[in-house]
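Observations on chain architecture
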Amino acid sequence: MLTITEKIIKAHLVEGEMHRGEPIAIHIDQTLTQDATGTMAYLQLEAMGVDQVKTELSISYVDHNTLQSGFENADDHKYLQTVAMKHGVKFSKPGNGICHQVHLERFAKPGKTLLGSDSHTPTAGGIGALAIGAGGLDVACAMAGRAFHLTMPKVVNIILHGSLQRGVSSKDIILKVLQLLSVKGGVGKVIEYSGDGVKNLSIPQRATITNMGAELGATTSVFPSDEITYEFLKKQHREEDYVELKADEGAVYDETYEIDLDTLEPMIAMPHSPDNVLPISEVLGMKVDQVAIGSCTNSSYRDMMTVANILKGKTVDPEVSLVISPGSRQVLNMLASNGGLSTMITAGARILETTCGPCIGMGQSPITNALSLRTFNRNFYGRSGTLSAKVCLVSPETAAASAIAGYIIDPRVLEFDIPEDPEYFTIDDSMIIEPDMELSAETEVVRGPNIKPLPINTPLKNTITKKVMIKVDDNITTDHIAPAGAKVLPYRSNIEKISEFIFMNVKASFHDDCIANDGGFIVAGSNYGQGSSREHAALAPMYLGIKAVIAKSFARIHRANLINFGIIPFTFVNEKDYNDIDEMDTLKITDLLDIKENTPITVQNVTKGKTFQVEHNLTQLDIDTIKAGGTLNLIRQNQK
Ligand code: F3S
């Protein structure tokens, strides 16, 4: 009796046994990258000496850094396009859409494994794929034909009953789940949905839910593949990709929750965490300055038509800036043909490119002290680009209704038509460049001045005596570590330059302190590194000489990224020891080359004259990786 998760893992298992919490490795069918993480992933693929990718499908999307206010982003795009052609990877041009939306429409398949260098890769779980976010180096390894290593997850069952009322959306379902489980509640788990309510949710609605499973810290989230999945694939002219997928009767889950869709009300995540969730009824009437609709969470045809139907015949409040980014060229084109776009423009919306845009801080930073309602998935401090702004996460229904009112309202009070999916979606893949074996041989990879060589770590030393460069609290995000935004993102392929921005909003002197002290340690609270998959949050600290992070606990992808770049992720045996360490204390760790599985290590706080114990929970492969100074070094060692 197997869950959907176990069925897909079983079909892809290459190492280990399917025992919860044990290390396993699975074969990866598909990979995706986006430009902000992709340049590193392809530099890493090149460093592995791989000629053609070994996956069924690999695709490189450009959706994050599409502003071209300098040569940097354009250089990155050219590099990505040519390196894709060289190595057998499809290339989705800027303007074709947000990676997860396009992937759902055109490539994601039920029952397949997908590894993406973006934490919201689980979006494809809406169609029944086992879709996991990872660092670029893990994705490069998968493209090279290597298995993906993970811990056999626990499986959580969320049973959905009934159907949503008008004005309540699948975003409200996932916000409810976040309220129940918190941003740490999914760690080490796959969230699997079932129940009679599933058949009342379209594929994009399911994808909104699996997309924000990333905010639970979950390995991924997955829906069954059923007749709704078939219909969606048929409307995308790819019914041949359909397979049925459901859990066996009597499958065993580690935890079970139930949500009644009939009585669910609109929800809102308040600043600055996606799990700071309240029912909308508790915040009605709050004045709104900005409304931003889009992102990989809520930018499907259905979301956009819902917004258009709410805006029809209305005008955006004069005090509100409403920005809308449709998720893909397919969505934008269909809105342009059916009049939805004109409705939005007439209502006073500002229409943005089909990219991540404001979600990654690329433009549209709100006014000082703003209340910004966003349909996105993250509202971390500073991510909007305006540090004083309060960003709240809501459904497209709540966002559009509040943009008209000028303050937060409950969309259930409005009359509007619930959109139907079209008979067929408009298919035009002409902005996807297919790899071509003949052209591949002739293709020269173009490296503009923004494409810098990959920094490589040195092997681990037996004794490390260094200072604590920074001490941070709980729930530090990758946005705290490696900020996004238009000033920083253009340097995603230039680690030396991007290292200047590490922790810039937390401790401005971090970069200079690391340079002056030749690196050191990071000390952190729990859930360190939550948020995006960006490996720059590990790679740039490695470049600055960070040797270990000692935390109360780690977010999954960031911990894997630290190991990939040879930084040791230690956890406190006794969390109280966190309190006894101060910034700039000198710590000494000895006998690191004898590090063994399941064996704690003693750390000396030289400044305080004390010792404390840390553990690491590293597998033998992780230990070998760290000793070598990271995955690339280990691969090279093994190739010799
Ligand atoms: Fe892009 Fe934001 Fe999603 S940055 S991939 S739209 S989380």
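Residues numbered from 1 in each chain as written. Predicted model: local features only at pLDDT ≥ 70, side-chain atom pairs only at ≥ 80, totals over all residues. Heavy atoms only, no water.

Where we set the bar: UniProt positions are given in the numbering used here, feature names are shortened, and annotations may be inferred rather than shown by experiment.
With an unreviewed UniProt entry as reference, the protein is termed Aconitate hydratase, source organism [Eubacterium] hominis. What UniProt states about the protein under its Subunit (unreviewed entry) heading is, verbatim, "Monomer."

1. Here's the deal with the nonpolar core
Put simply, the rule is: Put simply, buried Ala, Val, Leu, Ile, Met, Phe, Trp, Tyr and Cys residues joined by side-chain atoms within 4.5 Å make one nonpolar core. To sort residues, take the accessible area from a 1.4 Å probe on protein chains only and compare it with the maximum for the residue type: under 20% means buried, over 50% means exposed, and anything in between is partly exposed. Numbering of helices and strands runs from the N terminus, with a helix taken as a DSSP run of H or I at least four residues long and a strand as a DSSP run of E at least two residues long. For the domains described, the bounds stem from an automatic or database domain assignment. Any two residues whose heavy atoms approach within 4.5 Å are treated as being in contact.
In terms of nonpolar packing, the biggest core is built from 73 residues, with Ile26, Met48, Phe503, Phe510 and Tyr528 touching the most fellow members. Counting residues per element, this core draws most heavily on helix α5 (residues 136-143), at 6 residues. Both of domain 1 (4-263) and domain 3 (464-639) provide at least three residues apiece to this core. Other than its neighbours up to four places away in sequence, Phe503 contacts Ile470, Val472, Ile476, His480, Ile481, Ala508, Phe510, Ile522 and Tyr528. Counting residues in hydrophobic clusters, the runner-up holds 58 residues, among them Tyr61, Ala131, Val316 and Val394.

2. Considering the domain arrangement of the protein
In plain terms, the rule: In short, buried area is how much 1.4 Å probe accessible area vanishes from two parts on joining, totalled over both. Each reported salt bridge corresponds to a side-chain nitrogen of Lys or Arg within 4 Å of a carboxyl oxygen of Asp or Glu. Any pair of N or O atoms that falls within 3.5 Å is considered a polar contact. Within protein, one atom must be able to donate a hydrogen and the other to accept it, and sequence-neighbouring residues count only if both atoms are side-chain atoms. In this classification, the charged set is Asp, Glu, Lys and Arg, the nonpolar set is Ala, Val, Leu, Ile, Met, Phe, Trp, Tyr, Cys and Pro, and all remaining amino acids, among them Gly, are polar.
Along its sequence, the protein is carved into domain 1 (4-263), domain 2 (267-413) and domain 3 (464-639). Inter-centroid distance (C-alpha atoms) of domain 2 to domain 3 is 36 Å. In this assembly, 8 residues from domain 2 lie in contact with 12 residues from domain 3. Buried area between domain 2 and domain 3, both sides added, is near 810 Å², and the carbon and sulfur share of it is 63%. It is Ile360, Met362 and Phe380 that lose the most area in domain 2 upon contact with domain 3, and together they represent 50% of the buried surface on that side. Inspection of the region where domain 2 meets domain 3 yields 1 salt bridge. Taken together, the connections running from domain 2 to domain 3 amount to 2 residue pairs in polar contact (both at pLDDT 80 or more). Its residues assigned to classes, the side of domain 2 that touches domain 3 shows 5 nonpolar, 1 polar and 2 charged.

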